[in-house]
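Here is how the chains run, residue by residue.
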Amino acid sequence: MKTGEPKQRLSEKLNADMERIRTENAASIDAQLQSFRTDLKGIAENALATIKTDTEGYQLRVRKHLMRQSANAARPEWKALMWPTLVACCLMISTGISTWSVMTWLMPNLNTMGLRVIDRPEATYLIPRDGRAKLDRCHLAGEPVDCLVLPKE
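Conventions and cut-offs
Residues numbered from 1 in each chain as written. Predicted model: local features only at pLDDT ≥ 70, side-chain atom pairs only at ≥ 80, totals over all residues. Heavy atoms only, no water. Helix = DSSP H or I, 4+ residues; strand = E, 2+ residues; numbered from the N terminus. Buried < 20%, exposed > 50% of the residue type's maximum accessible area, 1.4 Å probe, protein only. Areas by Shrake-Rupley, 256 points an atom, 1.4 Å probe, with all protein chains shown as cover. Patch = residues over 30% accessible without salt bridge, like charges linked within 9 Å, V, L, I, M, F, W, Y side chains within 5 Å. Salt bridge = Lys/Arg side-chain N within 4 Å of Asp/Glu carboxyl O. Disulfide = S-S within 2.5 Å. Expected span 1.5 Å × (residues − 1). Bend = angle between axes of the 7 residues up to and from the residue. pLDDT = per-residue confidence, 0-100. Pairing = 2+ DSSP bridges.

Explain the overall build of the protein to me, please; I cannot follow it from the model alone.
Within the protein one finds 1 helix and 4 strands. Secondary structure elements of the protein occur, N-terminal to C-terminal, as α-β-β-β-β. Burial status across the protein gives 3% buried among its 153 residues. When the accessible surface of the protein is summed, it comes to about 14,300 Å², and 63% of that surface belongs to carbon and sulfur atoms.

What follows is the structure, given as structure tokens:
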């Protein structure tokens, strides 16, 4: 007969200790895995940002280099074409101005012909000055037309 407190069997004691150690280790491993996931996610985000920044920087450098090359390649042609283009523009402007001045010098002005010109939105009116002009019926090329006769002084 046994007296006193019943003693726990050794196998039960070892099983209880193993279960306690197993739960502690599981909690520790779970915390470590969660920390590892968080750290790995931060590392991946930083790596992605670094790759993106480096790629964009490389592309900008390449584009800048290509732009410089194309500008340097076009520079001799631009220098060669600049002077003929400038001369052509100056010639066109001077031709236009000279043509305008010759036309205004050669063509008689309506005011010198004795007519006053009044422009209105509905029509343009030609009014003779000093009664010098008269409206008459003329024959040109065998056809009757209205004409304005200005007597010579």
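How should I be thinking about a nonpolar patch on the surface in this particular structure?
Where nonpolar side chains cluster on the molecular surface, the patch consists of Trp78, Met82, Trp83 and Leu86 and spans about 480 Å² of accessible area. Tracing the chain through its elements places Trp83 in helix H1 (residues 10-106).

When you look at the pattern of salt bridges in this model, what are you seeing that I'm missing?
One side chain can pair with another of opposite charge once the charged atoms of both are near each other. The full count for this structure, using the stated rule, is 4 salt bridges. One salt bridge connects Asp17 with Arg20, and the closest N-O pair in it is separated by 3.9 Å. Of the two residues, Asp17 and Arg20 are both situated in helix H1; the distance of 3 residues between them amounts to about one turn of the helix. What makes Arg20 partly exposed here is its relative accessible area of 44%. In this structure, the salt-bridge partner of Glu24 is Arg20, at a minimum N-O distance of 3.5 Å.

What am I meant to see in the state of the cysteines here?
By the definition in use, this model includes 1 disulfide. Here Cys138 connects covalently by a disulfide to Cys147, the sulfurs 1.7 Å from one another. Measuring the twist about the S-S bond at about 50°, one finds the Cys138-Cys147 disulfide to be right-handed. Cys90 carries a free sulfur, and the closest cysteine sulfur to it, the one in Cys89, is 7.0 Å from it. Judged by relative accessible area, Cys90 falls into the partly exposed class, the value being 45%.

Just to check I follow, could you spell out H1 for this structure?
Quick reminder: α-helices carry 3.6 residues per turn. Residues three or four places apart thus point the same way. The end-to-end C-alpha separation of H1 is 133 Å, in line with the 144 Å expected for 97 residues at 1.5 Å each. Arg75 marks where H1 bends most, by close to 35°; the proline Pro76 follows one to four residues later.

When you look at unusual backbone geometry in this model, what are you seeing that I'm missing?
Note on backbone geometry: most residues besides glycine have negative phi, and most peptide bonds are trans. Not every positive phi belongs to a glycine, and Ala141 is a case in point at roughly 55°. Within the secondary structure, Ala141 sits in the loop between strand E3 (134-140) and strand E4 (143-149).

Sorry, what's going on with the confidence of the model for the protein here?
Detailed conclusions should not be drawn from predicted coordinates in areas where pLDDT is low. When pLDDT is averaged along the protein, the result is 84; 89% of the residues meet or exceed 70. When the elements of the protein are averaged for pLDDT, strand E1 (residues 115-119) gives the smallest value, 77, and H1 the largest, 89.

I would appreciate a short explanation of the pairing of E1 in the present structure.
The side chains of a regular strand alternate between the sheet's two faces. Relative to strand E2 (residues 124-128), E1 is paired through 5 bridges, and the arrangement is antiparallel. Considered in E2, the bridge of Arg116 is made with Ile127.

Explain the pairing of E4 here, please?
Bridge count for E3 against E4 is 7 bridges, and the pairing is antiparallel. Among the inter-strand pairings, Cys138 is bridged to a residue of E4, identified as Val145. Two successive antiparallel strands, E3 and E4, enclose a turn made up of 2 residues, where Ala141 displays a positive phi of approximately 55°.

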